[in-house]
Amino acid sequence: MGKRVGLEVTVAVAEAVALCRIDMAGVYPITPQSHIAEHLSNLVADGKLDAEFVTVESEHSAMSAVIGAAAAGARVYTATSSQGLMLMHELLPIASAMRLPITMAIANRAVSGPLNILNDHSDIMPQRDAGWIAVFAENGQEAVDLSIAAFKIAEHKDVMLPVSVNIDGFQLTHMVEPVILPSQEEVDAFLPPFVPHATLHPSNPVTMGAFSMSDYFTEIMKAKDEAIKNSRKVILEVWDEWGRQFGRSYKPVETYRAEDADILMLTMGSMGETAKIAIDELRGKGVRAGLVKLRLWRPFPFAELKAAVKNAQKLIVTDRAVSFGGPGGPVFSEIKSALFAQARRPSIYNYIIGLGGRDMAVSDFVGMFDQVLADRAQAKADTYEFWGVRE
Amino acid sequence: MNIVENFDLFAPRLINKKELFSCGHRACSGCAEVLSVRLMCKALGDDTVVASATGCMEIVSSMFPTTAWRIPWIHVAFENAAAVASGVEAGLKALRKKGKIDDRYIKVVGMAGDGGTMDIGIQALSGAMERGHDMIYVCFDNEAYMNTGIQRSSGTPMGASTTTAPAGKASSGQKTWKKNMPEIMVAHEIPYVATVCPSYPLDFIRKFEKARNIKGPSYIHCFSVCPTGWRSPSETAVSMGRLAVETGVFPLFEVESGHYRMSPDMPKKLKPLRSYFKPQGRFRHLTDAEIDAIQERVTAEFNKLTQKAKFL
Ligand SMILES: Cc1ncc(C[n+]2csc(CCOP(=O)(O)OP(=O)(O)O)c2C)c(N)n1
Ligand code: SF4
Ligand SMILES: [Mg+2]
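Worth saying up front: this structure is predicted, and the values here are computed from it rather than measured.

Student: Please clarify how the overall build of chain B should be interpreted in this entry.
Tutor: Secondary structure assignment for chain B yields twelve helices and ten strands. A compact globule built from 312 residues should have a C-alpha radius of gyration of about 20 Å, and chain B, at 19 Å, falls within 12% of that. Projected onto its principal axes, the C-alpha positions of chain B cover 65 × 45 × 40 Å. Taken across its 312 residues, chain B has 57% of its residues classed as buried. In chain B, the proportion of contacts linking residues at least 24 apart, taken out of those at least 6 apart, comes to 70%.

And the structure:
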């Protein structure tokens, strides 16, 4: 049986990863991810985790090394944040094109400049088109559960793609939370051993990462797109299975008091918890407000999103990153295009919030609702605004 | 009997007949870099995994859906061959220890050109060597970024004309001395560092065999004549390599646990640099005075090296 413990979320995640019996990890320190690397190396040093912990000299090499080890047939893990993720950027589409099941935690943090170590989503957003499955955790338990499930999704024979588990830096990574850590037996029962399609072993020599010109390139891109689209089915299955075994189930899009809501807010990551409190407050005042939480960023859950917002008049999309000179925050553009062809869709508002660790109180969420509710002429629909900016 | 001069006689007995790097690759005719890769495979045998950087050797050998590799091979990017190799090594080590693959010794090799090694890849290489992975790293040095059109690298020799450091009215080509990569590797205090040239196939193979038997990191720097980039006749690639060695431009030596040893193939007396420069278009613009200055440096560097080799 699993046990309920109070742990810093990074430590809980590292414990969860160890329960997955990884063969190899390559991690480079960066705040706020470092505690994952440190705790994993502690587990190896104490003989509790039988894995090669490669103390790489950069995140570029961390990703390169886990690519190499995964290609050799090992179950691999890495974790990073912000600048580290930007340094890995070059390799992310290569990992997915090579169909390597790599699991990576991203302790989401603002990207420089100016340098900032606190939370937002400007690190993961530029990785959107890398061909990685991307999921967002809202609390410590989710970070643990989604990390273990990530291995099973990534390694599924119909998926074979890398997965990033996004965990908000500090707000989530550094919280001490009560989490239920499954037992080794439970994880073993859930997660079968990794069976790779092909490996770098002389018993059956293969060429990986070949060079391709225009004759095959488009086909390879299409194949990758099909692969990530098809992963949807497996993601749903694996999360359901998790639910059946552990009693906590996950969905690509989750809602809170949304069924009869006139006005909805959409969040991704840990801010959903604060938004929930704001919703309760608004409900108390008679406002029919609700919450939509986007857990799965890639592959994008079109059907679930459409279903979740279909009855609302207004939808407030919160973004934790900026698309400079673009049509609004990256999540906003995505939601707008997802709903574009709907005959009936809510008017969509966009707030860019919580950049570089800017605190977001319950009153801030209530404030956004108030503003949008007051916009009777819908003058601000389809536009974006930086919330709480000092001008 | 001189082995190299009677090579056809000796080769079948001394060199692995099995071709692990097949013909049909797309390298230019007379490419000594691809010859080196082929010899490396012969020396290391089947139980080898290669992680290659982007560059000529990757492009010519892996055009999808064909491959020239009969051993497991992976390419990921330009600057990370050493890091990928270190991951392959760590992965195989873990799987072998846990009994998930058969208990057989596999040598992992990281390889890149001079650009992929000495410039953009030096950090990943330094990291992998410092961490002590059980792997061989090979730099196939053709003294420029050939794959992308003969741009200069830090391995381009002084005075050579390249497309980004061309000779012109106000320039004599490369303005910097070649980075001494083997010495940088020696400074990492790894068990084995060696220089090789495929014009000396037996020395070449012996050094690779030695590196294969070392449990830990080793570095081999391979002088690889590139007729296309050097503007030299393709049929002279092997003799050009010999001239580089005979003039002391590229001395053959090895460093085992810090101890230097010159290869027995090194001549007692060096030939003048001009004999090596003359057939190459990339040096054609150099004046006598410029060649003299380079000659002085080559001699001095060579003497420095032989001094180190004296104190065995
Ligand atoms: C990050 C990155 N920068 C630049 C390139 C372009 N590029 C590919 S190969 C190459 C030069 C290769 O030179 P070298 O390593 O000496 O190998 P050679 O082709 O000469 O054998 C360059 C500049 C790249 N692929 N990736
Ligand atoms: S450009 Fe030079 S190194 Fe590249 S394949 Fe041709 S001869 Fe070989
Ligand atoms: Mg080169």
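Student: In this structure, what is going on with the coordination of the magnesium ion (ligand 3)? I would like to understand it.
Tutor: Each donor-metal-donor angle would ideally measure 109.5 degrees in four-coordinate tetrahedral geometry, or 90 or 180 degrees in six-coordinate octahedral geometry. Residue and element names in this part refer to chain B. In this structure, Asp114 (OD), Asn142 (OD1) and Ala144 (O) serve as the protein donors to the magnesium ion (ligand 3), at separations of 2.0 to 2.1 Å. Taken in chain order, the donor set of the magnesium ion (ligand 3) reads D-x27-N-x1-A. With a gap of 28 residues between them, Asp114 in helix H5 (residues 114-119) and Asn142 in the loop between strand E4 (135-141) and strand E5 (167-168) connect regions that are remote in the sequence. Judged by its relative accessible area of 1%, Asp114 falls in the buried class.

Student: Quick question: what am I supposed to make of the site of ligand 2 here?
Tutor: Taken together, B:Ala27, B:Cys28, B:Cys31, B:Glu33, B:Cys56, B:Asn142, B:Met146, B:Cys226, B:Pro227 and B:Thr228 make up the full set of residues near ligand 2. By residue class, the composition of the shell around ligand 2 is seven nonpolar, two polar and one charged.

Student: In this structure, what is going on with the sheet that holds strand E13 (residues 296-298) of chain A? I would like to understand it.
Tutor: Strand-to-strand pairing in sheets goes through backbone hydrogen bonds, with the strands running parallel or antiparallel. All names here are of chain A. Pairing is mixed across the open sheet formed by seven strands, whose spatial order is E3-E2-E4-E5-E7-E6-E13. Where the open sheet ends on each side, the last strands, each with one partner, are strand E3 (52-54) and E13. On average, each strand axis in the sheet is tilted by 20 degrees relative to the strand beside it, whichever way the strands run. Relative to strand E4 (residues 76-80), strand E2 (residues 24-26) is paired through two bridges, and the arrangement is parallel.

Student: Sorry if this is basic, but what is going on with the interface of chain A and chain B here?
Tutor: Think of interface size as the accessible area that goes away when the parts come together; that is how it is often given. With 41 residues of chain A at the interface, the matching set in chain B holds 45 residues. Carbon and sulfur atoms supply 63% of the area that chain A and chain B bury against each other, a total of about 3,300 Å² over both sides. At the junction of chain A with chain B, the criterion picks out five salt bridges. Among the ionic pairs, B:Lys93 bridges to A:Glu52, the shortest N-O distance being 3.7 Å.

Student: It is not clear to me how the site of ligand 1 should be interpreted in this structure. Could you clarify?
Tutor: In the vicinity of ligand 1 lie 18 residues, with B:Cys56, B:Asp114, B:Gly115, B:Gly116 and B:Met146 positioned nearest. Mapping the residues near ligand 1 onto chains gives chains A and B. For ligand 1, an oxygen atom lies 2.9 Å from a polar atom in the backbone of B:Gly115. Computed on the free molecule, ligand 1 has an accessible area of 590 Å², of which 77% lies beneath the protein chains in the complex. Considering each element in turn, the shell around ligand 1 owes the most residues, three residues, to H5(B). Here the residues of the shell around ligand 1 are counted per class, giving six nonpolar, eight polar and four charged.

Student: Where do I start with the domain arrangement of chain A in this structure?
Tutor: Residues and elements named next belong to chain A. The domains assigned to chain A are domain 1 (3-246) and domain 2 (253-386). With centres defined by C-alpha atoms, the gap from domain 1 to domain 2 works out at 28 Å. Counting from both sides, the interface comprises 29 residues of domain 1 and, opposite them, 25 residues of domain 2. A combined buried area of about 2,200 Å² lies between domain 1 and domain 2, and 54% of that area is made up of carbon and sulfur atoms. Among the residues domain 1 hides against domain 2, the three largest losses belong to Met125, Arg128 and Glu138. Together they make up 29% of the total. Between the two partners, domain 1 and domain 2, sit four salt bridges. A salt bridge links Lys293 to Glu138; its shortest N-O distance comes to 2.9 Å. Applying the counting criterion to the domain 1 and domain 2 interface returns 14 residue pairs in polar contact (both at pLDDT 80 or more). Looking at the side of domain 1 that touches domain 2, the elements that each hand over two or more residues are strand E6 (133-136), helix H6 (140-155) and helix H8 (214-246).

Student: What is the right way to look at the pattern of salt bridges in this model?
Tutor: Pairing between side chains becomes possible if they bear opposite charge and their charged atoms approach one another. Residue and element names in this part refer to chain B. Applying the stated criterion across every chain yields a total of 48 salt bridges over all chains. In this structure, Lys178 and Glu143 form a salt bridge, with 2.9 Å as the shortest nitrogen-oxygen distance. Remark: Glu143 occurs in the loop between E4 and E5 and Lys178 occurs in the loop between strand E6 (171-172) and helix H7 (181-186); sequence separation between them is 35 residues. In this structure Lys178 comes out as partly exposed when scored by relative accessible area, which is 25%. Of the residues examined, Glu143 reaches a relative accessible area of 3% and is grouped as buried. In the salt-bridge network here, residues are joined through shared partners; they are Asp203, Arg206, Lys207, Lys210, Glu254, Glu256 and Arg261.

Student: Any chance you could explain the packing of aromatic side chains here in plain terms?
Tutor: Between two aromatic rings, the relevant description is the distance of the centres plus the angle of the planes. One pass over the structure, following the stated rule, counts 20 aromatic pairs over all chains. Centre to centre, the rings of B:Phe253 and B:Tyr260 are 6.2 Å apart; their planes meet at 15 degrees, and the pair counts as stacked. Across the pair, B:Tyr260 and B:Phe253 agree in class, each one buried. Seen from the ring of A:Tyr256, A:Lys276 lies directly overhead, with NZ or CZ sitting 5.5 Å from the centre. Looking at B:Arg282, its charged tip hangs above the ring of B:Trp230, at a distance of 3.8 Å from the centre.

Student: Just to check I follow, could you spell out helix H9 (residues 271-284) of chain A for this structure?
Tutor: Along an α-helix, residues three or four apart share an orientation, since each turn contains 3.6 residues. All names here are of chain A. For H9, which comprises 14 residues, the first-to-last C-alpha distance of 20 Å matches the rise-based estimate of 20 Å (1.5 Å per residue) to within 8%. Those residues of H9 not exposed but buried are Met271, Gly272, Ala275, Ala278, Ile279, Leu282 and Arg283. On an axial view of H9, the arc spanned by its buried residues comes to 140 degrees, and they lie on one face. Elements in contact with the buried residues of H9: strand E7 (163-168), strand E10 (253-256), strand E11 (263-267), strand E12 (289-294) and helix H12 (362-374).

Student: So what exactly am I meant to see when it comes to the environment of B:Asn180 here?
Tutor: Relative to the elements of secondary structure, B:Asn180 occurs in the loop between E6 and H7. Sequence separation between B:Asn180 and B:Ser263 is 83 residues, and the spatial gap between their C-alpha atoms is 18 Å.

Student: What am I meant to see in the packing of helix H1 (residues 9-19) of chain A against H6(A) here?
Tutor: Describing two packed helices takes the angle between their axes plus the distance from one axis to the other. All names here are of chain A. Contact pair H1 / H6: the axes reach a minimum separation of 9 Å and the direction vectors enclose 25 degrees. It follows from the interaxial angle that H1 and H6 lie roughly parallel. For H1 against H6, the interelement crossing comes out right-handed. Contacts between H1 and H6 pair Val9, Ala12, Val13, Ala16 and Val17 from the former with Gly140, Ala143, Val144, Ser147, Ile148 and Phe151 from the latter. Of the residues assigned to the contact of H1 with H6, the class counts are nine nonpolar, two polar and no charged.

Student: Can you help me understand the sheet that holds E10(A) in this one?
Tutor: Residue and element names in this part refer to chain A. Spatially, six strands are ordered E10-E12-E11-E14-E15-E16 in an open sheet, and the strand pairing comes out mixed. Pairing within the sheet leaves two strands with one partner each, and these edge strands are E10 and strand E16 (384-386). Averaged over all pairs of adjacent strands, the angle between strand axes in this sheet comes to 25 degrees, irrespective of strand direction. Examined bridge by bridge, E11 and strand E14 (residues 314-319) share four bridges and lie parallel to one another. Bridge pairing in E14 links Ile263 to Lys314. Of the strands in this sheet, E11, E12, E14 and strand E15 (347-352) are in contact with helix H11 (residues 330-339), which crosses E14 at around 145 degrees. Each of E11, E12, E14, E15 and E16 is contacted by H12, which is oriented at about 135 degrees to E11, the strand it contacts most.

Calculation notes
- Residues numbered from 1 in each chain as written.
- Chains lettered and ligands numbered in written order.
- Predicted model: local features only at pLDDT ≥ 70, side-chain atom pairs only at ≥ 80, totals over all residues.
- Heavy atoms only, no water.
- Helix = DSSP H or I, 4+ residues; strand = E, 2+ residues; numbered from the N terminus.
- Rg over C-alpha atoms; globule rule 2.2 N^0.38 Å.
- Buried < 20%, exposed > 50% of the residue type's maximum accessible area, 1.4 Å probe, protein only.
- Contact = heavy atoms within 4.5 Å.
- Donors = N, O, S within 2.8 Å, 3.2 Å for Na, K, Ca; no water.
- Near = heavy atom within 4 Å.
- Nonpolar A, V, L, I, M, F, W, Y, C, P; charged D, E, K, R; others polar.
- Pairing = 2+ DSSP bridges.
- Axes fitted to C-alpha atoms, helices over the stretch in contact; angles between N-to-C directions.
- Buried area = accessible area lost by both parts, 1.4 Å probe.
- Salt bridge = Lys/Arg side-chain N within 4 Å of Asp/Glu carboxyl O.
- Polar contact = N/O pair within 3.5 Å; in protein donor to acceptor, adjacent residues only side chain to side chain.
- Areas by Shrake-Rupley, 256 points an atom, 1.4 Å probe, with all protein chains shown as cover.
- Domains from an automatic or database assignment.
- Phe/Tyr/Trp six-rings, centres within 6.5 Å; stacked < 30°, edge-to-face > 60°.
- Lys NZ or Arg CZ within 6 Å of the ring centre and 35° of its normal.
- Expected span 1.5 Å × (residues − 1).
- Arc of directions from axis to C-beta.
- Parallel < 35°, antiparallel > 145°, perpendicular 65-115°, else oblique.
- Left-handed = near helix turned anticlockwise from the far one by under 90°.

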